[in-house]
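Close look at the chain arrangement
Spelled out from the first residue to the last, the chains are:
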Amino acid sequence: MAFIDILPLSQAITGVSILFLLAYLITPLLSWSREIPGPLLAKYTRLWYMWQKYRNDFHWTNIKLHREKGAVVQIMPGYFTIDDPKAHKIIYGHGNAWKKGEFYVAWNVSSDPHATNLFAARDQGLHASMRRKVASMYSMTSLVSYEPYVDHCIDLLHSQLDRAASAGSAINLGRWLQFFAFDAVSIITFGERLGFLDEGKDVHEMIQSLDYTHIILTFAGVYPWLTPLFKAVAGVFTGDKLLYFQKFASEKITMARQEHGDLAEDGPATTMVRKFLDAQRREPKKGLTDWDVAANAGSNIGAGSDTTAIGLIATVYYLFRDPAILERARQEMDSEGLPDRPSFQEAQKLPFLQAVIKESMRLLPGVGLPLWREVPKGGAVVCGRFFPEGTNLGVNAWVSHHNQQVYGEDADLFRPERWQEASGETAVAMEQSWIPFGLGSRTCIGKNVSLLEINKIIPVLVRDFDFYFQDQHGNPETRDYITLKNKWFLKAPHLYARVVRRNLKAG
Ligand code: HEM
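Now for a look at the structure at hand. All values derive from a computational prediction rather than experimental measurement.

Regarding the coordination of the iron atom of the ligand
Protein coordination of the iron atom of the ligand is limited to a single donor, C444 (SG), which sits 2.3 Å from the metal. Structurally, the position occupied by C444 is in the loop between α22 (424–433) and α23 (447–464).

So, in structure tokens, the structure goes:
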């Protein structure tokens, strides 16, 4: 009797399950987005995108999808990437109503739910007021006071490269450039290096901790409601390594506050933290809170080190692997007669060098995932399609930079001359599509800081060293690319090179 009672129940459960499954399978096929191309699995689940992130190569997949399927591609339910420069203004235009997508929720690193940061803030009004408070510290005028810090780091890297040249052994040049980028942004921010350039290693495993942070937050960005779980699990595995740099920042700020006498009472403040503290004291109306200071200083390390490292690595790689390009850069520098440690301004006057930097950052932009924005109330038409409110659209710099309609059939090739040859509408389209620093009101606030570092060190490396790239086994590098891992920021685990010193002054 009991068996007879259970049987219909189990049948009912099976029937309902089948109905749910059918509804699940059919819904995307009936949805408004059914005609938008993309991997089939991506129409059903976010796991497809999660898998791409796990593979670390979504930048290439994203380019391939757009080349094969057109300007709009679906990569998760409700998420679409766009490859059309005309759409940039609609999605990212200044003053528009498109806020950052839910992906950014995970990047609120503070345990205080009310404390956000410039990068993660989704409310546009809040973001604008936060950005106004600190914009001047990242301006071109402020950069002048940061130049000596960069020179100091150049000196240190230079002596390490001299040492490597004398030893004659290959080094992981990519790693040293990363050390340079971390130490440079740290000394600009706090007046103190992290010590990577002295020790030649990841002191306190800060780089590793940042790697963990990026892996966890990009995964959490796919499932924002699971963020607390992701962070808890990560905490168990990484202990206090996670967000170590945020703790480092807090310590240094506390020290700077205590060194009150050393704060620039009359003269201009030099490090960024001192500029923040100065603004707190001198312009209380600005409303710069202690959290603003900590969040911005921490973000400088978090957002400004690996990204600048990739810019440097890309530029060094493309310059030194092609003797003709290198020679042209050297001739330009020789004819300008640059001083031992060139200023940002002097480097900016070298048109070929500028084209090389621009082209390197085009081919290897530092951020490798789409910058998600949420379609505002009422929906929007993009690329001739209507997208309902709440869906997410995003442009990936890698896709934009490899667009063959904009950059030509040879878009995948390194050809700095393209920037000097382009004119008229082509030049405008190329500029609009060049987005390594993002775009619109959320453009990278540290753009000038990183360009300062890149522009100052590259001429020194070009003038004083030759680098011969090798694989990990010491054979000459024959591949036409650098291995990169896409963890939101691109990371180059290795770029080995033998270092040879040039232009040794006599006596
Ligand atoms: C080559 C180096 C760099 C690259 C490629 C880069 C890239 C980017 C991109 C693409 C964005 C926009 C992200 C979005 O829309 O979601 C961004 C924002 C940001 N970057 Fe950078 N960045 C670099 C260097 C720096 C440096 C040196 C700093 C700090 C000193 C910095 C701090 C920030 C901050 C705070 C934001 C958020 C800005 C806002 O939303 O108002 N970045 N960066």
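Some remarks on the environment of G168
With respect to the element layout, G168 can be found in the loop between α7 (140–167) and β4 (170–172). Taking relative accessible area as the criterion, G168 reaches 44% and is therefore assigned partly exposed. For the pair G168 and V500, spaced 332 residues apart in sequence, the C-alpha separation works out to 7.7 Å.

Quick notes on the packing of α7 against helix α8 (residues 173–190)
Between α7 and α8, whose axes approach to 9 Å, the crossing angle comes to 155°. As summarised for this structure, α7 and α8 are arranged roughly antiparallel, according to the angle between their axes. The interaxial crossing formed by α7 with α8 has right-handed handedness. Each of Y146, Y149, V150, H152, C153, I154, L157, Q160 and L161 in α7 lies in contact with α8, whose residues at this interface are L173, W176, L177, F180, D183, A184, I187 and I188. Here the residues of the contact of α7 with α8 are counted per class, giving 14 nonpolar, 2 polar and 1 charged.

Re the pattern of salt bridges
Per the stated rule, a full pass over the model turns up 30 salt bridges. Among the ionic pairs, R415 bridges to D410, the shortest N-O distance being 2.9 Å. Looking at D410, the relative accessible area reads 23%, which means it is partly exposed. By sharing partners, the salt bridges in this structure join E359, R362, D410, R415, R418 and E421 into a single network.

Cut-off values and rules
Residues numbered from 1 in each chain as written. Predicted model: local features only at pLDDT ≥ 70, side-chain atom pairs only at ≥ 80, totals over all residues. Heavy atoms only, no water. Donors = N, O, S within 2.8 Å, 3.2 Å for Na, K, Ca; no water. Helix = DSSP H or I, 4+ residues; strand = E, 2+ residues; numbered from the N terminus. Buried < 20%, exposed > 50% of the residue type's maximum accessible area, 1.4 Å probe, protein only. Axes fitted to C-alpha atoms, helices over the stretch in contact; angles between N-to-C directions. Parallel < 35°, antiparallel > 145°, perpendicular 65-115°, else oblique. Left-handed = near helix turned anticlockwise from the far one by under 90°. Contact = heavy atoms within 4.5 Å. Nonpolar A, V, L, I, M, F, W, Y, C, P; charged D, E, K, R; others polar. Salt bridge = Lys/Arg side-chain N within 4 Å of Asp/Glu carboxyl O.

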